[in-house]
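Examination of the molecular architecture
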Amino acid sequence: MADILKISNSGPLIGRCGVPGDKSISHRAVIFSSIAEGSSRIRNFLDGHDCRATMNIMRAMGVRIDEISSTQLEVHGVGLDGLREPNDVLNCDNSGTTMRLLAGLLAGQEFVSVLNGTAQIRGRPMARIVDPLRTMGAQIHGRQNGRYAPLTIVPSRLSAIEYKMPVASAQVKSCLLLAGLFAHGLTVVHQPGPARDHTERMLSSMGAPVTALGNTTHSERPQDPLNPLNIIIPGDISSAAFLLVAASAVPDSQLTIVDVGVNATRTGIVDALSEMGADIRRRSRPHQGGEPVADLIVSGGGLRGLDFGGEQLVTMIDELPVLAVAATQAEGRTVVRDAQELRVKETDRIATTVSELKKMGAHIQETPDGFIVDGPTPLNGAEVDSHGDHRLAMALAVAGLIAEGETTIYNAHVTADSFPDFETTLRALNVEVQELDWASENE
């Protein structure tokens, strides 16, 4: 959680490591176990800022959560109707997942609640959930008629709807499925393409009447209480992506990343790197929490530029900044299109990825819905900034592993949002990493 990271090209990445628990699954495990009846055991929970925001909000609504360790929780569920009115505004911190999923849960409660967070989260679009929730009968008030947080949710009776999502979004789908647990009738959500299905898998495993057939998912009020969870959360493929790119781009690397979740709705980065020529093999492991798991074995080698767009991007939207780093080392041109969703993440990830990699000498140009990279390009160490975005911070660290000289990354503490001990993991793989705070840097 250092303010500043200094990274040097240290040669091949050699060894075996794990990555933190999956962020998306950690959020859902805490929320869903809170409305189950009985005690749930969650292991390999992601102890990051965003997931802690979710945990703190559930506590604020009367859920007892015991921390056995930083990554092991026992959640004492209060049932579907057991949440209580919080005493204060619910702070989502910087987590879009927290705000969007909880809006669906809170729309069906019998008390008033207010969801708020950082300046960044107040700038992220919320109409995509507010509009369909209002169609279900929810009373939600927010800035610019509900387009932006803070969101105030007033008790109301919900009715099921059939909703066609304009774009595939796991957060929107999950929000509506959660609201469907409190609505009269059968809620039907159609998605235009693939999106993460962690919500459907987990809720159905708990006995909820949530079913999926192709790109259509149904949800309705359970007749019986939800069963508690006993889950080991698999390693996060989005965190593994940074190590996969580093080992693919640095010659002679030999790296094994153990116990990674390989849900098909999340493995776009593995497929993309393989198509570019990376040598990535899977060794299957036992399922964890209903999710497929594997060890990923990656070797350094030559990469080639390709075009990426359409439905493929949904399965790797969070990994596109680090894919841009891989593209700087690929032979030929790499084009990423249809990625306008990156404009409304923690930062405008198109603009910030392009601007920071240019500082290191990358031949990269911004387009309205993505970027174009010409490679291979020798990168040079430079002073760069995360802009408060954890995924950009780690993508720049990977670029620093490739670059000549030393790379200094400012505002690097945000890596803890999704990859606590990121620096420790790099050191274990023979990477030279220096951690500094603002005070020591300015001495």
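A few points on the structure. (Residues numbered from 1 in each chain as written. Predicted model: local features only at pLDDT ≥ 70, side-chain atom pairs only at ≥ 80, totals over all residues. Heavy atoms only, no water.)

The next subject is the overall build of the protein. Broken down by element type, the protein carries 15 helices and 25 strands. Relative to a compact globule of 443 residues, whose C-alpha radius of gyration would be 22 Å, the protein shows 21 Å and is just as compact. The principal-axis extent of the C-alpha atoms belonging to the protein is close to 60 × 50 × 45 Å. For the protein, restricting intrachain contacts to residue pairs at least 6 apart in sequence, the fraction spanning at least 24 positions comes to 75%. For the protein, the accessible area works out to roughly 15900 Å², and carbon and sulfur atoms hold 46% of it. Between the averaged position of the 38 positive side-chain charges in the protein and that of its 53 negative side-chain charges there is a distance of 4 Å. (Helix = DSSP H or I, 4+ residues; strand = E, 2+ residues; numbered from the N terminus. Rg over C-alpha atoms; globule rule 2.2 N^0.38 Å. Contact = heavy atoms within 4.5 Å. Areas by Shrake-Rupley, 256 points an atom, 1.4 Å probe, with all protein chains shown as cover. Lys, Arg positive; Asp, Glu negative; His and termini not counted. Charge placed at Lys NZ, Arg CZ, Asp CG, Glu CD.)

With that settled, the discussion passes to the nonpolar core. Counting residues in each nonpolar core, the largest one holds 76 residues, and the members touching the most others are I257, L273, L320, L323 and L357. A per-element tally of this core places helix α9 (residues 237-249) first, with ten residues. Not counting the four nearest positions on each side in its chain, L357 is found in contact with A324, V325, A362, I364, L396 and A399. The next biggest cluster of nonpolar side chains, apart from the first, holds 66 residues, and it includes M61, L73, L133 and A179. (Core = buried A, V, L, I, M, F, W, Y, C linked by side-chain atoms within 4.5 Å. Buried < 20%, exposed > 50% of the residue type's maximum accessible area, 1.4 Å probe, protein only.)

Attention shifts here to the side chain of S219. In this structure, S219 sits in strand β13 (residues 216-219). Engagement of the side chain of S219 in a polar contact is seen with the backbone oxygen of L177, the distance being 2.8 Å. In this structure S219 touches L177, G180, L181, G185, L186, T187, P209 and V210, once residues within four positions along its chain are discounted. (Polar contact = N/O pair within 3.5 Å; in protein donor to acceptor, adjacent residues only side chain to side chain.)

For the rest of this paragraph, the subject is the sheet that holds strand β4 (residues 64-69). Pairing is mixed across the open sheet formed by four strands, whose spatial order is β4-β5-β3-β14. The open sheet terminates on both sides in strands that have one partner only, identified here as β4 and β14 (230-232). Sheet twist, expressed as the mean angle between neighbouring strand axes with direction ignored, is 15°. Sheet analysis places β4 next to strand β5 (residues 72-78), joined by five bridges and oriented antiparallel. Pairing of E67 across the sheet is with L73, part of β5. Across the sheet, helix α1 (residues 23-34) touches β3 (37-43), β4, β5 and β14, and the angle it forms with β5 is around 35°. (Pairing = 2+ DSSP bridges. Axes fitted to C-alpha atoms, helices over the stretch in contact; angles between N-to-C directions.)

Moving on: the pattern of salt bridges. This model, assessed by the stated rule, comprises 30 salt bridges. One salt bridge connects R41 with E74, and the closest N-O pair in it is separated by 3.5 Å. Taken together, the residues span a long stretch of sequence, with R41 in strand β3 and E74 in strand β5 at a distance of 33 residues. Each of R196, D318, K345, E346, R349, D389 and R391 takes part in salt bridges that share partners, so that together they form one network. (Salt bridge = Lys/Arg side-chain N within 4 Å of Asp/Glu carboxyl O.)

Contact pair α9 / helix α10 (residues 268-275): the axes reach a minimum separation of 10 Å and the direction vectors enclose 15°. Accordingly, the angle class assigned to the pair α9 and α10 is roughly parallel. As α9 runs across α10, the sense of the crossing is right-handed. Across the interface between the two elements, I237, A241, L244, V245 and S248 from α9 touch I269, V270 and L273 from α10. Of the residues belonging to the contact of α9 with α10, the class tally is seven nonpolar, one polar and no charged. (Parallel < 35°, antiparallel > 145°, perpendicular 65-115°, else oblique. Left-handed = near helix turned anticlockwise from the far one by under 90°. Nonpolar A, V, L, I, M, F, W, Y, C, P; charged D, E, K, R; others polar.)

A few words now on the packing of helix α3 (residues 96-106) against helix α5 (residues 127-135). Two measures define how a pair of helices packs: the angle their axes make with one another and the distance between the axes. It is the contact of α3 with α5, at a shortest axis distance of 10 Å, that shows an interaxial angle of 5°. Comparing their axes, α5 and α3 come out roughly parallel. Along its contact with α3, which presents M99, R100, A103 and G104, the element α5 presents R128, I129 and L133. Taken together, the residues that form the contact of α3 with α5 break down as four nonpolar, one polar and two charged.

Attention shifts here to the state of the cysteines. Applying the stated criterion across every chain yields a total of zero disulfides. Summary of cysteine pairing: C51 is not part of a disulfide, and the nearest cysteine sulfur, belonging to C92, is at 13 Å. For C51, a relative accessible area of 1% gives the class buried. Between C175, a cysteine without a disulfide, and C92, which holds the nearest cysteine sulfur, the sulfur-to-sulfur distance is 12 Å. (Disulfide = S-S within 2.5 Å.)

Take the environment of S239 next. Within the secondary structure, S239 is located in helix α9. Through-space distance from the C-alpha of S239 to that of T152 is 33 Å; in sequence the pair is 87 residues apart. Excluding residues within four positions of it along the chain, S239 makes contact with V19, P20, S418 and F419.

With that out of the way, let us pick up the packing of aromatic side chains. This model, assessed by the stated rule, comprises one aromatic pair. Here F419 and F422 contribute two aromatic rings whose centre-to-centre distance is 5.2 Å and whose plane-to-plane angle is 65°, an arrangement assigned as edge-to-face. Classification of F419 by relative accessible area gives buried; the value is 1%. (Phe/Tyr/Trp six-rings, centres within 6.5 Å; stacked < 30°, edge-to-face > 60°.)

Tracing the backbone shows V210 in strand β12 (residues 210-213). Not counting chain neighbours up to four residues away, the residues in contact with V210 comprise L177, L181, E200, L203, S204, T217, H218 and S219.

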